[in-house]
Amino acid sequence: MTRPTFRFAPSPNGELHLGHAYSALLNQQLAQASAGRLLLRIEDIDTTRCTPEFEAGIFRDLEWLGFSWAEPVRRQSEHFAEYQAALQRLAREELVYPAFMSRGDIRAFITEREQRGENWPRDPDGAPLYPGIDKTLSTRERNRRIDAGLPFAWRLDVEAAMARIGTPLSWTEFTDETLGATSEVEARPRDWGDVVVARREVPTSYHLSVVVDDALQGVSHVVRGRDLFFATSVQRLLQQLLGLPKPAYFHHRLVLGPDGRKLSKSQAATGLSALRENGATPQAIRQLVGL
Ligand code: GLU
């Protein structure tokens, strides 16, 4: 049997906080318990928000915590060509289309529909679904707009994609922190509508690079926060379309702030570097996150 493979995949667009510490250490604990591999992936496709300073902070914090990973570290910004190849495959199969509506266009379109009494569908994050009207543009018109330099994003045609697959989609979800039992969860990618899979200036997106990398790195167990539970539906669909293996998932509890809300990268008080400077030890961090 191949070794179980886990990964911790932070984005260097802010400082790590207690929630990241819990996720990293839980991955480490599970990898150790199963004699598995533990990988570190730097998810830095957003080259405007990710910085080398934040990345250096991630390494500092993880080393201090006692998190140890198998080399090499995969840095997504070094692999755009691989994501582009996956995008081209989806484009060849006519499962993605260039979407030209700006945020303002989308808002105006939906407001107009809602004023007419239509109940416009929202995604699990509460954002209105993309109106897929430019799916019907002719190839000629698409090319004309692209050649004219109009901004666009590549969106997945979720209906076409589901029709292509033709069978119900699901994933295996572990039911608790010990990964002792599993249940099968129905994937519902339609809930997200036609998601962005790549942008003109960045030939990938969070969803596309995650599925390509999890497959390339042989990740068998994706252990990450509950905030990404619904994202798994989109990722399962992409895996299926691209013929990639199907990892098992555990979406763990989130470490909440004193106000009962999800921690954010801008909340300095729960940042690992601030806690360290105030004298916290790695052991104290484990206790704070309940490990
Ligand atoms: N890079 C993502 C984040 O920092 C995590 C992605 C994942 O674990 O799939 O939230």
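As shown above, the structure is provided for reference.
Just so we're clear, the structure is a prediction, and the values are computed from it rather than from any experiment.

Time to look at the site of the ligand. Looking at the ligand, the residues that line it are Arg 7, Ala 9, Pro 10, Ser 11, Glu 43, Tyr 206, Arg 224 and Leu 228. Between the ligand and Arg 7, the relevant distance is 2.7 Å, taken from an oxygen atom to a side-chain nitrogen or oxygen of the residue. Contact between the ligand and Tyr 206: an oxygen atom at 3.1 Å from a side-chain N or O atom of the residue. For the ligand, the accessible surface in isolation is 300 Å², of which the surrounding protein chains cover 79%.

A separate point is the packing of aromatic side chains. Summed over all chains, the structure comprises ten aromatic pairs. Measuring from ring centre to ring centre gives 5.8 Å for Phe 8 and Phe 67, while their planes differ by 65 degrees; the resulting arrangement is edge-to-face. With Phe 8 in strand 1 (residues 5–8) and Phe 67 in the loop between helix 2 (52–65) and strand 3 (70–75), this residue pair connects regions lying 59 residues apart in the sequence. Grouping residues by exposure puts Phe 8 and Phe 67 together as buried. Between Phe 229 and Phe 230, the aromatic rings sit 5.4 Å apart at their centres with planes inclined by 85 degrees, giving edge-to-face as the arrangement. When its relative accessible area of 22% is taken as the criterion, Phe 229 is described as partly exposed. Look at Phe 230 and you get partly exposed, because its relative accessible area is 48%.

Now for helix 4 (residues 103–115). The first and last C-alpha atoms of helix 4 sit 18 Å apart over 13 residues, in line with the 18 Å expected at 1.5 Å per residue. Burial in helix 4 covers these residues: Ile 106, Phe 109 and Ile 110. Angular distribution of buried residues about the axis of helix 4 spans 90 degrees; they occupy a single face of the element. Facing away from the buried side of helix 4, by more than 90 degrees, are the exposed residues Arg 107 and Gln 115. Looking at the buried side of helix 4, the elements it contacts are strand 5 (153–156). Gly 117 sits one or two residues past helix 4 and shows a positive phi near 90 degrees.

Here is what the cut-offs are and how they apply
Residues numbered from 1 in each chain as written. Predicted model: local features only at pLDDT ≥ 70, side-chain atom pairs only at ≥ 80, totals over all residues. Heavy atoms only, no water. Near = heavy atom within 4 Å. Polar contact = N/O pair within 3.5 Å; in protein donor to acceptor, adjacent residues only side chain to side chain. Areas by Shrake-Rupley, 256 points an atom, 1.4 Å probe, with all protein chains shown as cover. Phe/Tyr/Trp six-rings, centres within 6.5 Å; stacked < 30°, edge-to-face > 60°. Helix = DSSP H or I, 4+ residues; strand = E, 2+ residues; numbered from the N terminus. Buried < 20%, exposed > 50% of the residue type's maximum accessible area, 1.4 Å probe, protein only. Expected span 1.5 Å × (residues − 1). Arc of directions from axis to C-beta. Contact = heavy atoms within 4.5 Å.

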